[in-house]
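One-letter residues, chain by chain:
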Amino acid sequence: MDRETTNLQHFLIEKQREHPEATGEFTSLFAEILLASKIISREVRKAGLVEILGLTGKINVQGEEVKKLDEYSLQVFVRVLQRGGSLCVMASEETEDIIRIPDKYPKGKYVLVFDPLDGSSNIEANVSIGTIFGIYKRRSEDECGHDGNYEDVLQPAKNLVAAGYVIYGSSTMFVYTTGQGVHGFTMDPSVGEFLLSHENIQTPKRGKIYSVNEGNYNSWSEGIRKYIDYIKSDKNKNGKPYKSRYIGSLVADFHRNLLYGGIFLYPRDKKAKNGKLRLLYEAGPLAMIVQQAGGYASNGVKNILDIEPTEIHQRTPLFIGSKEDVLEVEEFIKKYGDEV
Ligand code: AHG
Ligand code: MN
Ligand code: MN
């Protein structure tokens, strides 16, 4: 496709033409997500300049300090998306309960799950951060908004109809899938649009990079310790040690590994018995993206896409990236166990 003149909306509209049954509701939902991410991107860009930086002093439902930009990003998403008419309900990292659409707005058939700002511990250091989102169709048959809609939100990632992330890095990028490949767009600030830059991203079957917080080594299971020792040795399938790369922003670590090939790991450890990352709005959407790019995401035992969530903020161990690498970590866990 003609990259120089193809923005995200054009691209989506062309893709939608292949589905004459599409109502346009989805395209308008995407336009709203785009607007929200452009506004967040603008704030991230000036984070060092204005008083937006710093702590609110509040603690979020995960027991972590909430930085002002996390809260701002949440509010932008909610304000833009609640009034668009395409959503039935939302859930986010920064809100304990599901987010219902106020009665004064029309409701639609889609459900949005999102991490408004991922990697927020990196904000002050001017290191890449991101937003992750996933879109489901609502499950409930009855009128949206009546009985809480937990069943709409608590769906396995294999039910996602779309997933994506925005990365606020040296450029702002928007990467998404609707189940027809993974496509990346880069913000051109001079036109104020996301232009097509990475059509149909495919990730290498085997990578050369591993990304993990190795400070947790002594708290990991034997299976994970043995796996990491193995990929650092010259006994692994590449015949030489993998490179270590860890930013501490899931979106940024994932994005780099998606393009270059590699594995990101956040295993369970003695402190975090179920891992740290959240199934619904971190692991799930990225699992759909990686699968569309030819990679794989696992909790060490099974495909992330198949896990039925029971809680909004449920955590999961996460192994994600190049398929052969993730399958190999599963083998180590099978052989040596994952007890912590
Ligand atoms: P968030 O900023 O949304 O809370 O997510 C932080 C996550 C994720 O982005 C990153 O991969 C991970 O935390 C890093 O954790 P450690 O500091 O334990 O390595
Ligand atoms: Mn996060
Ligand atoms: Mn977050």
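Small disclaimer: the values here were computed from a predicted structure and weren't measured. (Residues numbered from 1 in each chain as written. Chains lettered and ligands numbered in written order. Predicted model: local features only at pLDDT ≥ 70, side-chain atom pairs only at ≥ 80, totals over all residues. Heavy atoms only, no water.)

(A) Expanded view of the coordination of the manganese ion (ligand 2). Around the manganese ion (ligand 2), the protein contributes the donor atoms Asp115 (OD), Asp118 (OD) and Glu282 (OE), which lie 1.8 to 2.2 Å from the metal centre. The sequence pattern describing where the donors of the manganese ion (ligand 2) fall on their chain is D-x2-D-x163-E. A separation of 3.7 Å is found between the manganese ion (ligand 2) and the manganese ion (ligand 3), both of which receive a donor from aspartate 115. (Donors = N, O, S within 2.8 Å, 3.2 Å for Na, K, Ca; no water.)

(B) Region of interest: the domain arrangement of the chain. Along its sequence, the chain is organised into domain 1 (8–198) and domain 2 (209–336). Computed from C-alpha atoms alone, the centre-to-centre distance between domain 1 and domain 2 is 24 Å. Looking at the side of domain 1 facing domain 2, the largest losses of area belong to Ile132, Leu154 and Tyr165, adding up to 20% of the total buried there. One salt bridge in this structure joins lysine 158 and aspartate 306, with 3.8 Å as the shortest N-O distance. Along the contact surface separating domain 1 from domain 2 lie twelve residue pairs in polar contact (both at pLDDT 80 or more). The set of elements that each furnish at least two residues to the side of domain 1 that touches domain 2 consists of strand 3 (87–92), strand 5 (110–118), strand 6 (129–137), helix 4 (150–153), strand 7 (162–168) and strand 8 (172–177). (Domains from an automatic or database assignment. Buried area = accessible area lost by both parts, 1.4 Å probe. Salt bridge = Lys/Arg side-chain N within 4 Å of Asp/Glu carboxyl O. Polar contact = N/O pair within 3.5 Å; in protein donor to acceptor, adjacent residues only side chain to side chain. Helix = DSSP H or I, 4+ residues; strand = E, 2+ residues; numbered from the N terminus.)

(C) Representation of the coordination of the manganese ion (ligand 3) in the model. Binding of the manganese ion (ligand 3) to the protein goes through Glu93 (OE), Asp115 (OD) and Leu117 (O), at separations of 2.0 to 2.3 Å. Along the chain, the residues donating to the manganese ion (ligand 3) are arranged with the sequence spacing E-x21-D-x1-L.

(D) View of the packing of helix 5 (residues 222–231) against helix 8 (residues 323–336). Between helix 5 and helix 8, the least distance of the axes is 8 Å, while the angle of their chain directions is 135°. Taken together, the axes of helix 5 and helix 8 lie oblique to each other. Seen along the crossing, helix 5 lies across helix 8 with a hand that is right-handed. Touching Glu222, Gly223, Ile224, Lys226, Tyr227 and Tyr230 of helix 5 are Asp325, Glu328, Val329, Phe332, Ile333 and Tyr336, all from helix 8. (Axes fitted to C-alpha atoms, helices over the stretch in contact; angles between N-to-C directions. Parallel < 35°, antiparallel > 145°, perpendicular 65-115°, else oblique. Left-handed = near helix turned anticlockwise from the far one by under 90°. Contact = heavy atoms within 4.5 Å.)

(E) Expanded view of the sheet that holds strand 3. Taken in spatial order, the eight strands line up as 4-3-5-6-7-8-9-10 in an open sheet, and their pairing is mixed. At either end of the open sheet lies a strand with only one pairing partner, and these are strand 4 (99–100) and strand 10 (193–198). Pairing of strand 3 with strand 4, which is carried by two bridges, proceeds in the antiparallel orientation. Each residue of the ladder has a partner; that of valine 89, found in strand 4, is arginine 100. Contacts between helix 6 (residues 250–260) and the sheet are confined to strand 5, strand 6, strand 7, strand 8 and strand 10, with strand 7 contributing the most and set at about 105° to the helix. (Pairing = 2+ DSSP bridges.)

(F) Region of interest: the site of ligand 1. Close contacts around ligand 1 come from 18 residues, with Asp118, Gly119, Asn213, Tyr246 and Tyr266 the closest. Glycine 119 is positioned with one of its backbone polar atoms (N or O) 2.8 Å from an oxygen atom of ligand 1. One nitrogen or oxygen atom from the side chain of tyrosine 266 is found 2.5 Å from an oxygen atom belonging to ligand 1. Out of a free accessible area of 480 Å², ligand 1 has 85% covered by protein chains. For the shell around ligand 1, the secondary-structure elements that each account for two or more residues are strand 5 and strand 13 (263–266). With three residues, strand 5 is the single largest residue contributor to the shell around ligand 1. (Near = heavy atom within 4 Å. Areas by Shrake-Rupley, 256 points an atom, 1.4 Å probe, with all protein chains shown as cover.)

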